[in-house]
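# Understanding the architecture of this molecule
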Amino acid sequence: GPAIVVRKAKTREKLTTLNGDEHELRPDQMMICDAEKPIAVAGVMGGESSEVSSRTTRVLLESAHFVNTSVRRTRKQLGLNTDASYRFERSVDPEGVVAALERFAELLAQVDGGGTRVPGVIDVYPPPTKREAIPLDLGRAEVLLGMHIPAHQARGYLERLGFAISEAEAGHLSVVPPTWRPDVVRQEDLIEELGRVHGYEKIPEELPKGTTTIGGEHGFELWLGRVREAALRAGYTQTISHSLRDKGPLDYPGFELIGPRNPSSPDMAWLRNSLLPSLAENAKRNGGRDVLLFEIGRVFGKFGGGYDEFTRLGMLSQGAAGRADWLNKQPEIAGFFTVKGVLEEIFAAAGVDVEFQAPQGNADVRLHPTKQARIQIGTDLVGMFGVVDPDVADEVEIPKDTVLAEFFLQPLYANHHAAPRLKPISRNPAVRRDIALLIDKAVPYEKIGKALDAAVGDLLERRWLFDVYEGKGIPDGKHSLAIALQLRKQGGNFTDEEANQVRERAVAALAELGGTPR
């Protein structure tokens, strides 16, 4: 019949193509049909029944545009690789359909001298192709190409390639690609065209320039590495524990526990809000005595109506702070002040200035009420440390002399001094002066140290407490402290008189705290 139908194949419909192979068609394959049956696979190959032969007297010429993905899918399903499919899979100009028919008519007239009658063209074009304008920044083109192309030249290049140009503003063009360039869809495609036409050989040779990412650890991770190394140098062993666990007496007070909606087991129903429970379990697993452990990890909790997540460092010390050898047959026991010294070393390595303060009414219930201290930066609490509370020790089954510490790392990092504090080394010898001081036990040594530092200033190279005496001749509530001062001048030697004057200044500063020399 005098009809041409473009439709999808019907189930179990068959077609014999020009190469003589019969194919069973699928419902998702596009076909060119007459009034009854398929006569060609759209965009791939014609059918044998409509092949032109020596007996052909009338020809219906069809020029069409097909969706490239449909052609590719059909070609792969049927196993047909043809020149037509090669072209259609890569898209052709949808506006070239009628032009192709007219060109065929022109060529036919040249062959038969105009003897063939061409009745006309029927054009079915339901959704006309419309190309969207692409903004082109000529400054961006210069950056990517590494060379300057004047605006009038860039415009000329694109217009001669068939692009429609309108100027949006200075240095910016609005470019509409022609329908035969489906490969041009973004600004970088236009910039590539400019470089190609202007000439790649005109790109100047320059060394690469710009910025690169920092190699290795930096920022918080680099600082955290220094904290970890300081703990390791102090003899502690790092542990890593699971974030999910059960509730326990060592949980951080004031942070409401949160957990998954559907926990896998009661033992893993809550996200930890403290590292101390994990450290206590690890200590028990390793015998419970003579263990020095630390862990750096995330803790979670609900506080003030919101959910918070922090990085903390937790430490557990129990028993010997070192190993016995032929010289030290009784190594030091890791007590309260031993751990305080380790913490001071860690904070010094981290470049953080902290203060240790008595709790004064807001003690940590997990720690012994009279053997604990707050770790502060100014007035801000950043951590706690002390001997475990005896009742808590019984509940978690760890020795009662265990010392625990836990502090937040983010505020410490925010207040650290990144650059090392350096000062010149004096060539002159140092002198030592000792002070024996009678003072109330209620006065913390922190205040005594600060008073000495302020009174002596840069002349004080080092100070240390070398004796504490309580006993005969010492009133109740007081103790005698023996403090050594190492003094050194820059560029000069101390005389006895000068050293004694510095010592007198120190004694006067301690007198303001209620101390008297012995």
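For the structure itself, look to the data block above.
Numbering of residues begins from 1 in every chain and follows the order in which that chain's sequence is written. With pLDDT at 70 or above as the cut-off, local features in this predicted model cover only qualifying residues; side-chain atom pairs require 80 or more to be listed or tallied, and sums for whole chains, interfaces and linings still use all residues. Each side-chain value is worked out from all heavy atoms of the structure, with water and hydrogens disregarded.

## A short note on the packing of helix α4 (residues 138-145) against helix α6 (residues 187-198)
To define axes, lines are fitted to C-alpha atoms, for helices over the stretch in contact only, and angles between the resulting N-to-C directions are given on a 0 to 180 degree scale. Secondary structure elements are taken from DSSP: a helix is a run of H or I of four residues or more, a strand is a run of E of two residues or more, and numbering for both begins at the N terminus. Interaxial distance between α4 and α6 falls to 10 Å at its minimum, and their mutual angle equals 65 degrees. The handedness of the crossing between α4 and α6 is right-handed. Mapping the contact onto sequence places Leu138, Arg140, Ala141, Leu144 and Leu145 in α4 and Gln187, Glu188, Ile191, Leu194 and Gly195 in α6. The crossing is said to be left-handed when, going from far helix to near helix, the turn is anticlockwise and less than a right angle, and right-handed when the turn is clockwise. Whether two residues are in contact is decided by their heavy atoms: any pair within 4.5 Å suffices.

## Here's the deal with the layout of surface pockets
In the cavity and pocket records, a cavity denotes points on a 1 Å grid over the protein atoms alone where a 1.4 Å probe fits but cannot get out, a pocket denotes an open set with protein on both sides within 12 Å along at least 5 of 7 lines, and lining residues are residues with an atom within 4 Å of a point. Grid points are joined across faces, edges and corners, and a volume is the space filled by probe spheres set on the points. Taken as a whole, the second largest pocket encloses approximately 2000 Å³ of empty space. Lining the second largest pocket are 43 residues, and of these Lys340, Glu344, Phe356, Tyr445 and Glu446 lie nearest its centre. Contributions of two or more residues to the lining of the second largest pocket are made by α9 (336-350), β15 (355-357), β16 (367-377), α12 (445-456), β20 (460-469) and β21 (478-487). Counting residues per element, the lining of the second largest pocket draws most heavily on α9, at seven residues. Within the lining of the second largest pocket, the residues separate by chemical class into 20 nonpolar, nine polar and 14 charged. Amino acid classes used here: Ala, Val, Leu, Ile, Met, Phe, Trp, Tyr, Cys and Pro are nonpolar; Asp, Glu, Lys and Arg are charged; the rest, including Gly, are polar.

## Description of the packing of aromatic side chains
Whether two aromatic rings pair depends on their centres lying within 6.5 Å, for rings of Phe, Tyr and Trp, where Trp uses its six-membered ring; planes under 30 degrees apart make the pair stacked, over 60 edge-to-face, and the rest tilted. Counted according to the given criterion, the structure contains 13 aromatic pairs. With centroids separated by 5.7 Å and ring planes inclined at 80 degrees, the aromatic side chains of Tyr252 and Phe255 adopt a geometry described as edge-to-face. Here Tyr252 and Phe255 have matching classes, each one buried. With a centroid separation of 5.6 Å and an interplanar angle of 35 degrees, the aromatic rings of Phe255 and Phe310 are classed as tilted. One end of the pair, Phe255, is in the loop between β11 (244-245) and β12 (270-271); the other, Phe310, is in strand β14 (residues 306-318), with 55 residues separating them in the sequence. Ring-pair connections join several aromatic residues into one group, and the members of that group are Phe336, Phe337, Phe347, Phe356, Phe385 and Phe407. By definition here, charges over rings are those cases where NZ of Lys or CZ of Arg is within 6 Å of the ring centre and within 35 degrees of the ring normal. A cation sits over an aromatic face here: Arg462 above Trp464, 4.0 Å from the ring centre. When the ring centre of Phe494 is taken as reference, the NZ or CZ atom of Lys489 above it lies at 5.4 Å. Remark: exposure states derive from per-residue accessible area (1.4 Å probe, protein chains only) relative to the maximum for the residue type, with buried under 20%, exposed over 50%, and partly exposed in between.

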